[in-house]
Amino acid sequence: MKKKKLLPRSILSKLGTQHSLLLLTLMVVGVIVLSSGAGKLIHRNLFSIQPAYAQRITPSDVWQLVYQQLPDFPRENKYISKENGKVAENNTLANRLIRYHIYTKGRAPIYRLDWKLTLADYLGANEIMYDASYPGNDSLQENPIEGDRKAITRLTRSQRDALVQVLVNIFNPTSQNTLSPNPNTPPSPTTSTTPQPPQRGGAELLR
């Protein structure tokens, strides 16, 4: 029994007084952090990167819904798989565009503005797209980035707008998305001719 009581003291003597104090301090700080709830906050902040929409629908399923609603959207799925040497029919343009948007660029899929930024990447009007990080480069024998960019370029503006609206509706079906006003519709008359100050929250209207 005496040997068992002396064992911790012998260990501490080997570690030295400074090491023992440092270890004790770290233990006390850890207990304080966990008991104060900060540990839960850190855990929540770290794992809040995974957005709520991922619990409702996965990007691997979205591309099928896109083609259900937009059957004329280019598929670009004639590329050969590196794994089995066969045509990767499920590796479509919609699939790669969604993966690029969410995983490569880390953009939210529930806002129109973010999808427009992604399409602007394809059109060469926003951020640079890199071959090495483009979806499909690691799984297809030919990198589909150039073919995908050409396919997006061939779309009309109305087709791109329809794609954005479909993607937003799929990822956020409960949102109240309003369509753009018809350019042929005359503006509503106003009761005052006095210039009005700009409204706040204009950036929110772009979402």
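Up top is the structure.
Residues numbered from 1 in each chain as written. Predicted model: local features only at pLDDT ≥ 70, side-chain atom pairs only at ≥ 80, totals over all residues. Heavy atoms only, no water.

## Quick notes on the packing of helix 6 (residues 93-104) against helix 7 (residues 112-122)
Move 1: Packing of helix 6 against helix 7 brings their axes to within 10 Å, and their N-to-C directions diverge by 110 degrees. On the basis of the axis angle, helix 6 is roughly perpendicular to helix 7. Taken as a pair, helix 6 and helix 7 cross one another with a handedness that is right-handed. On helix 7, the residues touching Arg96, Leu97, Ile98, Tyr100 and His101 of helix 6 are Asp114, Trp115, Thr118, Leu119, Asp121 and Tyr122.
Move 2: Class assignment of the residues belonging to the contact of helix 6 with helix 7 gives a composition of six nonpolar, two polar and three charged. (Axes fitted to C-alpha atoms, helices over the stretch in contact; angles between N-to-C directions. Helix = DSSP H or I, 4+ residues; strand = E, 2+ residues; numbered from the N terminus. Parallel < 35°, antiparallel > 145°, perpendicular 65-115°, else oblique. Left-handed = near helix turned anticlockwise from the far one by under 90°. Contact = heavy atoms within 4.5 Å. Nonpolar A, V, L, I, M, F, W, Y, C, P; charged D, E, K, R; others polar.)

## Brief notes about the packing of helix 6 against helix 8 (residues 145-154)
Move 1: Here helix 6 crosses helix 8 at 100 degrees, and the two axes come no closer than 11 Å. Between helix 6 and helix 8, the interaxial angle falls into the category roughly perpendicular. On helix 8, the residues that touch Leu93, Arg96 and Leu97 of helix 6 are Asp148, Ala151 and Ile152.
Move 2: Within the contact of helix 6 with helix 8, the residues separate by chemical class into four nonpolar, no polar and two charged.

## Describing the pattern of salt bridges
Close approach of charged atoms lets side chains of opposite charge pair.
Move 1: In this structure the tally under the stated criterion is five salt bridges.
Move 2: Here arginine 96 and aspartate 148 are joined by a salt bridge, their closest N and O atoms 2.7 Å apart. On the criterion of sequence distance, the pair formed by arginine 96 in helix 6 and aspartate 148 in helix 8 is long-range, its members being 52 residues apart.
Move 3: Residue aspartate 148 is classed as buried on the basis of its relative accessible area, which comes to 0%.
Move 4: The residue glutamate 127 makes a salt bridge to lysine 105 at a minimum N-O spacing of 2.4 Å. Here glutamate 127 is found in the loop between helix 7 and helix 8, whereas its partner lysine 105 is found in the loop between helix 6 and helix 7, with 22 residues between them in sequence.
Move 5: Its relative accessible area of 27% is what places lysine 105 among the partly exposed residues.
Move 6: If you follow the salt bridges from partner to partner, you end up with Lys105, Arg107, Asp121 and Glu127 in one network. (Salt bridge = Lys/Arg side-chain N within 4 Å of Asp/Glu carboxyl O. Buried < 20%, exposed > 50% of the residue type's maximum accessible area, 1.4 Å probe, protein only.)

## Considerations on helix 7
Move 1: Across the eleven residues of helix 7, eight count as buried, placing the element largely inside the fold.
Move 2: Residues Arg112, Asp114, Trp115, Thr118, Leu119, Ala120, Asp121 and Tyr122 constitute the buried set of helix 7.
Move 3: Summarising the contacts, the buried residues of helix 7 are in contact with helix 6, helix 8 and helix 9 (157-171).
Move 4: Phi turns positive one or two residues past the end of helix 7, at glycine 124, with a value near 75 degrees.

## Concerning the packing of aromatic side chains
Move 1: Scanning the model with the defined rule gives six aromatic pairs in all.
Move 2: The interplanar angle of 75 degrees and the centroid separation of 5.6 Å between the aromatic rings of tyrosine 100 and tyrosine 122 together place this pair among those described as edge-to-face. Residue tyrosine 100 is located in helix 6, and its partner tyrosine 122 is located in helix 7; the two are separated by 22 residues in the primary sequence.
Move 3: Classification of tyrosine 100 as buried rests on a relative accessible area of 3%.
Move 4: Each member of the aromatic cluster is reached from another via a ring pair, and the members are Trp63, Tyr67 and Phe73.
Move 5: Sitting over the face of the ring of tyrosine 67, arginine 75 holds its NZ or CZ atom 4.2 Å from the ring centroid. (Phe/Tyr/Trp six-rings, centres within 6.5 Å; stacked < 30°, edge-to-face > 60°. Lys NZ or Arg CZ within 6 Å of the ring centre and 35° of its normal.)

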